[in-house]
Amino acid sequence: MTDPRLPTQPLAAIKSLATSLVSKLQPVRLRLRRHARALFFAAAVVAILALAGGLPGWLTAAGFIAMAMIIAGGGADDEDGIADFRDPPPPRRGHSSGDRDGDSWRLLLDAVPDAAVALDQNFSILHFNARLEELFPKVRVGQQLSQLSRNPELNDAVEKAVTSNEAVVVDLFERVPVERRISATVSRIGGREVRRGIPLLIVSFRDLTEQDKLAQMRADFIANASHELRTPLASLRGFVETLQGPARDDPEARARFLTIMSSQATRMTRLIDDLLSLSRVEMRVHLPPRGMLDLNEVASYVAQALDPLAAGNKMKIVVTKSDTPLRIRGDRDEIVQVIQNLVHNAIKYGREGGRVEIAISRVMDGSPPQPRALVAVADDGPGIAPEHIPRLTERFYRANAAASREKGGTGLGLAIAKHIVIRHRGELRISSAVGKGSTFSILFDELGGARS
């Protein structure tokens with residue numbers, strides 16, 4: 001109920017002014033959140049004083065009019081006061097955002113898959129990625145490129161790239177500490193203007209040493225394979241021509257030549273079988289086997305299978321088994337093939353009348369030491385010279401090529417064994433002493449052991 005002592009006209013004026021105030025606040029309400037509560041609080045104080053009779057009606061109306069003008073003017077003019085409620089203004093060129101943009105090239109350099117380094121106008125290193133540190137461990141920011149590599153061809157390429165619009169590519173051949181070939185690409189970035197902190201040149205390096213080695217191995221493999229096949233084919237062709245000509249009516253010559261032709265055809269068949277076997281193993285080398293086998297059982301099987309061959313060479317195969325079953329995860333046929341290759345080599349190249357031992361045992365190996373399964377094939381033959389041991393598992397490599405061919409070797413047996421061992425996540429070790437014999441050892445993770 002309205003107090004009869006208060007005039008009604010001022011109250012109507014207050015109501016009208018309040019309505020006008022709200023309508024004027026609406027367009028700038030979102031931009032004046034910080035000051036809105038204070039303004040409404042001031043309006044409430046004025047209204048309370050007016051209702052309480054503390055202010056004349058005309059002064060109350062004038063106060064609201066002035067307040068409305070302040071609000072209206074603030075909404076239009078006080079842009080700086082409401083900056084906190086807007087999105088931040090776009091960054092000006094050269095400020096902190098520009099600095100972050102200037103450093104973004106470092107992130108791009110870090111993402112380059114090849115070894116890369118950024119140089120300034122003095123050819124000093126501004127930044128390099130992790131791949132470059134792997135290639136040049138002594139690289140440091142601030143040093144000259146000439147300290148990184150003293151190759152004159154690289155320095156010439158850098159100087160040429162400064163005035164060139166295209167990348168300059170050069171091959172670097174290094175012989176210290178190891179022999180390697182590196183392809184370097186020097187590119188100028190940006191325009192002609194040189195800015196401080198921005199690189200002038202980017203030099204990327206790609207180590208082609210491994211690629212060259214693989215290409216050489218492929219070429220050697222093709223050459224060796226063609227040579228191994230060419231020899232028996234030439235022999236067969238010569239014997240056929242002889243049998244068709246001078247030895248046509250000679251029964252003794254015909255029988256002798258047919259025997260040699262049969263052995264040459266057998267050699268070619270063995271070579272092709274080994275090539276196919278090696279190809280199959282290489283195709284599956286990345287697939288770990290899923291079967292299980294007991295090495296004691298496999299060793300006994302191989303000894304029984306090759307015992308007639310050993311007896312023909314007046315040799316004896318001895319199997320030493322572990323006290324308990326020694327199980328590994330593996331492909332039984334492939335493990336049989338590995339041990340057969342090793343035992344067969346021991347029979348072929350061992351001492352006549354000697355012995356071949358297949359020993360199965362559990363050993364502690366690795367760091368920290370853990371139990372592993374060991375298969376060792378040892379002979380008491382003439383042994384192998386130390387310079388041949390690192391290359392024995394290469395394709396077609398023979399310590400004694402003449403003796404190997406004479407005994408029907410293809411030079412692929414140990415290469416096949418190595419790839420099978422790799423597929424089984426094992427390790428092949430070779431030790432030999434000239435005049436005392438050789439030992440070929442294979443280590444596997446034991447099934448159920450700490451490492452399996």
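One can find the structure itself at the top, above this paragraph.
Quick look at the structure, then. Just so it is clear, the model here is predicted, and its values are computed rather than measured. Counting of residues starts from 1 at the beginning of each chain's written sequence and follows it residue by residue. Since the coordinates come from a predicted model, pLDDT governs what is reported: local features require at least 70, and pairs of side-chain atoms require 80 or more to be given and counted, while whole-chain, interface and lining totals use all residues. Side-chain measures were taken over the full set of non-hydrogen atoms in the model, leaving aside hydrogen atoms and water.

Quick look at the overall build of the chain
Threshold: The numbering of helices and of strands both runs from the N terminus, where a helix is a DSSP run of H or I of at least 4 residues and a strand a run of E of at least 2. Think of it in three bands: residues with accessible area under 20% of the maximum for their type are buried, residues over 50% are exposed, and the middle band is partly exposed, with areas taken using a 1.4 Å probe on protein chains only. Between two residues, a contact is recorded if the distance between any of their heavy atoms is within 4.5 Å.
When its secondary structure is counted, the chain shows 13 helices and 12 strands. Among the 452 residues that make up the chain, the fraction classed as buried is 35%. Across the chain, contacts joining residues at least 24 apart in sequence account for 62% of those joining residues at least 6 apart.

Observations regarding the pattern of salt bridges
Applicable threshold: For this document, the term salt bridge refers to a Lys or Arg side-chain nitrogen within 4 Å of an Asp or Glu carboxyl oxygen.
Throughout the structure, instances matching the rule amount to 17 salt bridges. Across the salt bridge formed by Glu297 and Arg332, the nearest N and O atoms sit 2.7 Å from each other. Of this pair, Glu297 sits in helix 10 (residues 295–312) while Arg332 sits in helix 11 (residues 332–349), and the two are 35 residues apart along the sequence. Relative accessible area serves as the criterion here: at 38%, Glu297 is assigned to the partly exposed category. The exposure class assigned to Arg332 is partly exposed, which follows from its relative accessible area of 31%. Its salt-bridge partner being Arg391, residue Glu394 comes within 3.1 Å of it at the nearest N-O pair. Classification of Glu394 by relative accessible area gives partly exposed; the value is 34%. Residue Arg391 is classed as partly exposed on the basis of its relative accessible area of 40%. Through salt bridges that share partners, Asp365, Arg372, Glu427, Arg429 and Asp445 make up one connected network.

Considering helix 9 (residues 251–283)
Put simply, the test is: By definition here, a helix of n residues has an expected span of 1.5 Å times n minus one. Polar contacts here mean pairs of N or O atoms no more than 3.5 Å apart (in protein, one a potential hydrogen donor and the other a potential acceptor; neighbouring residues in sequence count only if both atoms are side-chain atoms).
For helix 9, which comprises 33 residues, the first-to-last C-alpha distance of 48 Å matches the rise-based estimate of 48 Å (1.5 Å per residue) to within 8%. All of the buried residues along helix 9 are Ala253, Phe257, Met261, Gln264, Arg267, Met268, Leu271, Asp274, Leu275, Ser277, Leu278 and Val281. One side-chain oxygen at the N-terminal end of helix 9 lies 3.2 Å from the backbone nitrogen of Glu252; it belongs to Asp250.

Observations concerning the packing of aromatic side chains
Heads up, the rule is: Pairing of aromatic rings covers Phe, Tyr and Trp, the last counted by its six-membered ring, and requires centre-to-centre distances within 6.5 Å; plane angles under 30 degrees mean stacked, over 60 mean edge-to-face, and any other angle means tilted. Only when the NZ atom of a Lys or the CZ atom of an Arg is both within 6 Å of the ring centre and within 35 degrees of the ring normal do we say a charge sits over the ring.
Here the structure, examined in full by the defined rule, presents two aromatic pairs. Seen in terms of ring centroids, Phe136 and Phe205 are 5.3 Å apart; in terms of plane orientation they differ by 70°. Their pairing is edge-to-face. Linking Phe136 in the loop between helix 5 (130–135) and helix 6 (145–148) with Phe205 in strand 5 (residues 201–207), this pair joins segments that are 69 residues apart in sequence. For Phe136, a relative accessible area of 7% corresponds to the buried category. For Arg180, the ring lying beneath its charged end belongs to Phe136, and the centroid distance is 5.7 Å. The side chain of Arg332 reaches across the aromatic face of Tyr301, ending 4.9 Å from its centre.

Focus on the environment of His127
Checked against the element boundaries, His127 lands in strand 2 (residues 125–128). Note: C-alpha distance between His127 and Pro199 (72 residues apart in sequence) is 8.7 Å. Not counting chain neighbours up to four residues away, the residues in contact with His127 comprise Trp105, Arg106, Leu109, Asp110, Val117 and Ala118. Here Asp110 takes part through its side chain, which lies 2.9 Å from a polar atom of the side chain of His127.

A short note on the nonpolar core
The condition that has to hold: Among buried residues, those of type Ala, Val, Leu, Ile, Met, Phe, Trp, Tyr and Cys that are joined through side-chain atoms within 4.5 Å constitute a nonpolar core.
Among the nonpolar cores identified, the biggest contains 46 residues, and Leu295, Ile317, Ile335, Val343, Ile347 and Phe444 are the most heavily contacted of them. Among the elements of the structure, helix 9, helix 10, helix 11, strand 9 (355–365), strand 10 (370–379), helix 13 (413–423) and strand 12 (437–445) are those that each provide at least two residues to this core. Per element, the largest residue contribution to this core is eight residues, and it comes from helix 11. Setting aside anything within four residues of it in sequence, one finds Val343 in contact with Val302, Leu306, Ile317, Val356, Ile358 and Val377. Within the second largest apolar cluster, 25 residues are counted, among which are Ala115, Val117, Ile182 and Val203.

Focus: the pairing of strand 11 (residues 427–433)
Quick reminder of the rule: Strands are labelled as partners when DSSP assigns at least two bridges between them.
Both strand 11 and strand 12 contribute to a ladder of seven bridges, which runs antiparallel. Within strand 12, the residue paired with Ser432 across the bridge is Ser438. What sits between strand 11 and strand 12 in their antiparallel hairpin is a turn of three residues, with Gly435 showing a positive phi close to 90°.

A look at unusual backbone geometry
Here Phe123, not a glycine, exhibits a phi torsion of approximately 65°, which is positive. With a relative accessible area of 23%, Phe123 lands in the partly exposed category. The backbone phi angle of Phe396 is positive, close to 65°, even though this residue is not glycine. Here Phe396 is to be found in the loop between strand 10 and helix 12 (401–406). The buried category is assigned to Phe396, whose relative accessible area is 7%.

Observations concerning the sheet that holds strand 3 (residues 168–174)
Paired through their backbone hydrogen bonds, the strands of a sheet run either parallel or antiparallel. Going by this rule: Helix axes are fitted only over the stretch in contact, all axes being lines through C-alpha atoms; the angle between N-to-C directions runs from 0 to 180 degrees.
Judged by pairing direction, the sheet is antiparallel, and its five strands sit side by side in the order 2-1-5-4-3 without closing on themselves. With one partner strand each, in any of the chains shown, strand 2 and strand 3 form the two edges of the open sheet. Each adjacent strand pair in this sheet contributes to an overall mean axis angle of 25°, direction not counted. Helix 7 (residues 152–162) rests against strand 1 (115–119), strand 3, strand 4 (180–188) and strand 5 of the sheet, and its axis sits at about 170° to strand 3.

Describing the pairing of strand 2
The sheet contact formed by strand 1 and strand 2 spans three bridges and is antiparallel. Within strand 2, the position partnered with Leu119 by the bridge is Ile125. Remark: five residues form the turn of the hairpin made by strand 1 and strand 2, two consecutive strands paired antiparallel; Phe123 in that turn has positive phi of roughly 65°.

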